[in-house]
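# Architecture and fold: a report
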Amino acid sequence: MTRPLVGGPDLASLAQHGMWVTERSGAAGPTPRTTPLPGHPAVYRMPLAVWFDGPMEVGRMLAACGEVVRRHPVLTSTLAERDGVLRLLTGTAEVPVTLAEAPADPLDLAGEGHLDLTTGPLARFTLARTGPDRHLLVFAAHHIVFDGMSKDILVRDLAAAYVGEPLPPLPVPYGEAVEDENARVRDRLPGAAEFWRARWHDSRELVLPGLGTPTLHAAPGDAVDFVLGDEVGRTAAPLGLTRFEVVLSALRLLLHAYGNARAAVAVDLSTRTEATREHVGLFVNELPFDVVPSGTFAEFAADVRAELRRMYSYRHVPLARALGGVSPRAALTPVSLSYRSRSEAEPVFPGLAASVEWMMFNGAVRNTLHLQVVDGPRGAAARLQYNPRHLGRDGCESVAADLTALLRGVAERPHAPIDDLPLPSRVAGAGGGTGLQRPRAAGTDAGLVVAVGEIWRQVLDLDHVDPGDDLFDLGGHSLSITQIIAKVRDTMAVDLPFEVFIDDPTVEGVAAEVARQRSLA
């Protein structure tokens, strides 16, 4: 076991706060749920597997894991809400570093034990001997303290520690890095609000091959793996684009071909700076992207590049903080994209051949369809993760085939009009779409409605709030929910479940839940 470091409370980042809020408990009130998000307990678990062939010094490997934790004490954190403010408590949880029996499935090692936000641990290392001179190391962390780029940092530090190289201290403590990021959000908030006001359309309609109803709920998922060939690079270089811009342009064009007039794709954008590039942690923000295709592919991709450059100015600001009116959800939109470029070679462990499973699937999805791409020295590996209760496997495989065919056509004729590219036929039924409805609860005692309305007025700093007003239409966000829950708990002795702010985020809906909880007391 790796001992926690001595630490204290720091403010959580806004990204961490948003993730915390989506894991609020139904029955337990303001504490995180035992299984995060309805549908699957592993939705925010990020696993990473490293296979080793050769005579491993097991004691040295376990010690190296401990050295990595000492360099990145954020892994020893837990979280706590105090008076409506979320705190990151570093050094309050041990990070297990254990030996285990060889698993039937590597994911079994990543899934052992719950990564509990309030008690920890939020990370764990498990090493298993799988054969003569063959070992498997599985690391799993909660996304609230770990992101995609953290994988490269962790494996690189692990390789250095294994050979006895001292791991230098980080440029700035994690808490200071979070303070800087929160300050950056405050500075850019007015500009971000103006930028997104004209761009954000909370449309949850979607058409895809084999799709029933689109979803933004976390659930058990499945995946289709495929490879993006050299067509991405062949297209990017002559057009002056990045490979990410080519992939995003192709995905958006494909959605357009299926019949989605408006089809925002939620993209993960790194918020790292020079000061945080060495940190393990959560330095990513999901933002919606939507440019309507027109002209040639080269012209459309240039528009995509220009819009991304405009977005980058506000990449630190969560959409809900910029606008309000965005309800908490597992994902911003039914379709999302994460793209990570790996320029480094595979890590070197002397005497061992190491192979890293950079895209280890946790078995859960946050929306309808997610495209994950890890673009490394050996090529671009791609995966479509999907919710099988809403999208059939045949449909997902069709999307993968259509995307690869489109990229091949683009590489051959990047200046062709988009209508002349190898695009699929419009999906039957496109145009009407299928939306997601949010139910409303009945009202309750007038006096209680007034009392809850007063709490909303104070938290949102408004002169007046009507009983039927929607919290998110009034500019509420995840911080507002935390503050309302705290005030209701302090003044009414009721622990509100987070779900009420999803099912019926009105004064009447919250008041009805307060009345219901009182009747059960």
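### A word on the overall build of the protein chain
- Regarding its fold elements, the protein chain presents 14 helices and 16 strands.
- A compact globule built from 521 residues would reach a C-alpha radius of gyration of about 24 Å, and the protein chain, at 24 Å, matches this within 12%.
- Seen through its principal axes, the protein chain has C-alpha atoms that stretch 70 × 60 × 40 Å.
- Taking all 521 residues of the protein chain together, the buried fraction comes to 56%.
- Accessible surface for the protein chain amounts to roughly 20,800 Å². Of this, 50% is attributable to carbon and sulfur atoms.

### With respect to the sheet that holds strand E5 (residues 97-100)
- Strand order in the open sheet made by the 5 strands is E5-E6-E7-E2-E13, with mixed pairing throughout. Two strands in the sheet have a free side with no partner beyond their single neighbour: E5 and strand E13 (353-357). Direction aside, neighbouring strands of the sheet carry axes that sit 20° apart on average.
- Here strand E6 (residues 123-131) runs beside strand E7 (residues 134-142); their pairing, made up of 8 bridges, is antiparallel. Following the sheet pairing, glycine 131 is matched in E7 by arginine 134.
- Contacts between helix H2 (residues 58-71) and the sheet are confined to strand E2 (45-53), E5, E6 and E7, with E6 contributing the most and set at about 165° to the helix.
- Sitting on the sheet, helix H4 (residues 148-162) is in contact with E2, E6, E7 and E13, with an inclination near 35° to E2.

### What about helix H14 (residues 507-520)?
- With 14 residues, H14 extends 20 Å from end C-alpha to end C-alpha; this agrees with the ideal 20 Å at 1.5 Å per step.
- Inspection of H14 places Val507, Gly509, Val510, Ala511, Ala512, Glu513 and Val514 among the buried residues, and these make up the whole buried set.

### Some points on the sheet that holds strand E11 (residues 284-289)
- Taken in spatial order, the 6 strands make up an open sheet running E9-E16-E15-E12-E10-E11, and their pairing is mixed. Two strands close off the open sheet at either side, each with one partner strand: strand E9 (222-228) and E11. On average, adjacent strands in this sheet sit at an angle of 20° to one another, irrespective of strand direction.
- Note that E9 and strand E16 (residues 379-386) share 7 bridges and pair antiparallel. Bridge assignment links aspartate 222 to a residue of E16, and that residue is tyrosine 386.
- Across the sheet, helix H10 (residues 393-412) touches E9, strand E15 (369-376) and E16, and the angle it forms with E9 is around 15°.

### Quick notes on the pairing of E7
- Burial runs high along E7: 8 of the 9 residues are buried.
- Linking two consecutive strands that pair antiparallel, namely E6 and E7, is a turn of 2 residues; a positive phi of about 55° is found at aspartate 133 within it.

### Quick look at H10
- Over its 20 residues, H10 runs 29 Å from end to end, which matches the ideal 28 Å to within 8%, given 1.5 Å per residue.
- Along H10, the residues classified as buried are Gly395, Cys396, Val399, Ala400, Asp402, Leu403, Thr404, Leu406, Leu407, Gly409, Val410 and Ala411.
- Lining the buried residues of H10 we find E9, helix H6 (231-239), helix H7 (243-258), helix H8 (297-312), E15 and E16.

### Brief notes about the confidence of the model for the protein chain
- The share of residues in the protein chain with pLDDT of 70 or more is 90%, and the mean pLDDT across the chain is 87.
- The element-level mean pLDDT for the protein chain is lowest in helix H13 (residues 500-503), coming to 72, with H8 highest at 98.
- For residues 25-39, every residue scores under 50 in pLDDT, and the model assigns this stretch 45 contacts once sequence neighbours within four places are set aside.
- Taken together, the stretch residues 431-443 has pLDDT below 50 and engages in 34 contacts with residues farther than four places along the chain or on a different chain.

### Focus: the nonpolar core
- With 83 residues, the main nonpolar core has Met61 and Phe125 as its most contacted residues.
- Those residues in contact with phenylalanine 125, other than ones at most four positions away along the chain, are Cys65, Val68, Val69, Val95, Pro96, Val97, Thr98, Leu137, Val138, Phe139 and Leu154.
- Counting 68 residues, the second-largest nonpolar core is a separate cluster that includes Ala192, Val267, Leu319 and Leu403.

### Regarding the environment of glycine 363
- Structurally, glycine 363 can be placed in the loop between E13 and strand E14 (364-365).
- Along the backbone, glycine 363 and alanine 42 are 321 residues apart, and their C-alpha atoms lie at a distance of 7.2 Å.

### A few points about the environment of arginine 188
- Tracing the sequence through the fold places arginine 188 in helix H5 (residues 174-197).
- Residue classification places arginine 188 among the partly exposed residues on the basis of a relative accessible area of 33%.
- When residues no more than four places from it in sequence are discounted, the contact partners of arginine 188 are Ser313, Tyr314 and Val317.
- Here the side chain of arginine 188 touches serine 313 through a polar contact of 3.2 Å, landing on its backbone oxygen.

### Observations concerning the pattern of salt bridges
- One pass over the structure, following the stated rule, counts 29 salt bridges.
- A salt bridge links arginine 393 to glutamate 397; its shortest N-O distance comes to 3.3 Å. Here arginine 393 and its partner glutamate 397 are both found in helix H10, 4 residues apart, which amounts to about one turn of the helix.
- Put simply, Arg71, Arg156, Asp157, Glu274, Arg277 and Glu278 are held in one network by salt bridges that share partners.

### Notes on the side chain of aspartate 116
- Turning to its location among the elements, aspartate 116 is positioned in the loop between helix H3 (106-110) and E6.
- Buried and unpaired, aspartate 116 has arginine 45 as its nearest opposite-charge partner, separated by 10 Å.
- Polar contacts involving the side chain of aspartate 116 include one to the main-chain amide nitrogen of threonine 119, which spans 3.0 Å.
- Contacts of aspartate 116, omitting those with residues within four sequence positions, involve Pro121 and Leu122.

### Section: the pairing of E11
- Across the 6 residues that make up E11, a large majority, 5, are buried.
- Summarising the sheet, strand E10 (residues 265-270) and E11 pair through 6 bridges and their orientation is antiparallel. Looking across to E11, one finds that aspartate 268 is bridged to glutamate 286.

### Details of unusual backbone geometry
- Cis rather than trans, the peptide bond between glycine 120 and proline 121 has omega equal to -5°.
- We note that aspartate 133 has phi near 55°; this positive angle belongs to a residue other than glycine.
- Considering the arrangement of structural elements, one finds aspartate 133 in the loop between E6 and E7.
- You will see that alanine 493, though not glycine, has its phi angle at about 60°, which is positive.
- Take alanine 493: it is sitting in the loop between helix H12 (478-492) and H13.

Rules behind the numbers
- Residues numbered from 1 in each chain as written.
- Predicted model: local features only at pLDDT ≥ 70, side-chain atom pairs only at ≥ 80, totals over all residues.
- Heavy atoms only, no water.
- Helix = DSSP H or I, 4+ residues; strand = E, 2+ residues; numbered from the N terminus.
- Rg over C-alpha atoms; globule rule 2.2 N^0.38 Å.
- Buried < 20%, exposed > 50% of the residue type's maximum accessible area, 1.4 Å probe, protein only.
- Areas by Shrake-Rupley, 256 points an atom, 1.4 Å probe, with all protein chains shown as cover.
- Pairing = 2+ DSSP bridges.
- Axes fitted to C-alpha atoms, helices over the stretch in contact; angles between N-to-C directions.
- Contact = heavy atoms within 4.5 Å.
- Expected span 1.5 Å × (residues − 1).
- pLDDT = per-residue confidence, 0-100.
- Core = buried A, V, L, I, M, F, W, Y, C linked by side-chain atoms within 4.5 Å.
- Polar contact = N/O pair within 3.5 Å; in protein donor to acceptor, adjacent residues only side chain to side chain.
- Salt bridge = Lys/Arg side-chain N within 4 Å of Asp/Glu carboxyl O.
- Lys, Arg positive; Asp, Glu negative; His and termini not counted.

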